[in-house]
Amino acid sequence: MLNENLTRSKISKWLRETDREKLTELYDVADRTRRKRVGDEVWLRGLIELSNYCRRDCLYCGARASRRAERYRMTREEILESAKLARDYQFGTVVLQAGEDFALDEAFVADLIQEIRERYQLAITLSLGERKDSEFVRWKEAGADRYLLRFETSNRDLYDAIHPTAEGSVFQDRIEMLKRLREIGYEIGSGVMIGVPGQSFDDLANDLALFRELDLDMIGCGPFLPHAETPLGRIEARNGEWRTVSIHGTTSEDQRGISLSTDKSFKYPTTDGQAPNDIETAFKVVALARILCPDANIPSTTAVATIDETGGRKGALERGANVVMPNLTPKKYRRLYDIYPNKAAAREEAEKTRQTVLKQIREIGRVPGIGSGSSPRFLKRRA
Ligand code: SAH
């Protein structure tokens, strides 16, 4: 039966499924579960990308420290202006996201949270990476409601390979951090990238089972999108393994953005079958996440819309998702927050993105949610 109690091997089997009729059944069950458990409202979260400075050097991410990229950091006033847009648009929630930028320090972020609450009465979600416990506590006290921290992959070897510990700091376990965030009182969200080189179908099935185990309030997943100026954007299959393309000592034009210090030429774990980073696999993950965690809030992510702006965004909403995060970052900064290339809506005004999203929601017979839209999972746990 297709329900919350799916075993890992059944989950893995669904991820490999290619039969159209069976997939239609999976998507129907996910859509019915979504309607029954979280209704027809689509919650809109205004995304503000505060800064692309980052101290980490994740092998997948365009904001990684060693990339010679143009950096920006929004000012306090710019951030408050963007938050005002969320209020004017009746979005109900803002998501403050950034690289691990320590200029966004405890006091700066706490003040922002207080100011946004006072001025605009919005719910606040933070997505600022791995930060100190004292910061998590202070920001919760200041009025933050939710924290997003993807564990990226539950395969520990793969995780260690793609997400090296930042220089001068100790390894921090994102899964432990999520549990701690819940303890502090946050509504917690996590997720993974789909189709990272070296990620097998079984890995992805384990990720999904872990969503259920962690009893997440929010689950955001999107296809891995290779960024040419990162090591993971430059790999090739050799002898059944993924390897970074050596960039050592090269001077060619298109490799300018990559720092030579990242040339490690490590091997990826051999896997039984590489999970694809295509839209179908992303749809399967969304559908299975809905079935396994029926009361969670699940976004149709920007990465999905990046593969297919209309079909992708609507497609995920019709297969279990109930949240969209329209981008409110000022246009002049948007192209600089290129964690992956060709991000959906990277070159348009907030108003245009909002119109597109509202139209797509109407076209599939759904309605924009009014209010803060906490996950039923979170509300039930608190009751
Ligand atoms: N610094 C914060 C925010 C990172 S951006 C943090 O680490 O939590 C949010 C998400 O974008 C990441 O968690 C990652 O899953 C996703 N992401 C980064 N690079 C990507 C890529 N190349 N393709 C797809 N998703 C990517």
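Residues numbered from 1 in each chain as written. Predicted model: local features only at pLDDT ≥ 70, side-chain atom pairs only at ≥ 80, totals over all residues. Heavy atoms only, no water.

A. Seen up close, the pattern of salt bridges. Evaluation of the coordinates by the stated rule reveals 45 salt bridges. Between Arg119 and Glu115 there is a salt bridge, with the nearest N and O atoms lying 3.1 Å from each other. Placement of the pair is Arg119 and Glu115 together in helix H4 (residues 106-120), with a separation of 4 residues, close to one helical turn. Given a relative accessible area of 19%, Glu115 falls into the buried group. Measuring nitrogen to oxygen at the nearest pair gives 3.0 Å for the salt bridge that ties Glu135 to Arg131. For Glu135, a relative accessible area of 3% corresponds to the buried category. What you see here is one network of salt bridges that share partners, running through Arg55, Arg56, Glu100, Glu130, Glu152 and Arg174. (Salt bridge = Lys/Arg side-chain N within 4 Å of Asp/Glu carboxyl O. Helix = DSSP H or I, 4+ residues; strand = E, 2+ residues; numbered from the N terminus. Buried < 20%, exposed > 50% of the residue type's maximum accessible area, 1.4 Å probe, protein only.)

B. Summary view of the nonpolar core. Ranked by size, the top nonpolar core spans 89 residues in total, and within it Leu126, Tyr186 and Phe211 carry the most contacts. Among the elements that make up this core, the one with the highest residue count is helix H9 (residues 279-292) (9 residues). Discounting residues that sit within four places of it in the chain, Tyr186 has contacts with Leu126, Phe136, Trp139, Lys140, Ala144, Asp145, Arg146, Tyr147, Leu181, Asp217 and Phe378. (Core = buried A, V, L, I, M, F, W, Y, C linked by side-chain atoms within 4.5 Å. Contact = heavy atoms within 4.5 Å.)

C. How the structure looks around the pairing of strand E5 (residues 187-190). The two faces of E5 match: Glu187 and Gly189 on one face and Ile188 and Ser190 on the other face are all buried. Direction of pairing for E5 relative to strand E7 (residues 218-219): parallel, over a ladder of 2 bridges. Among the inter-strand pairings, Gly189 is bridged to a residue of E7, identified as Met218. (Pairing = 2+ DSSP bridges.)

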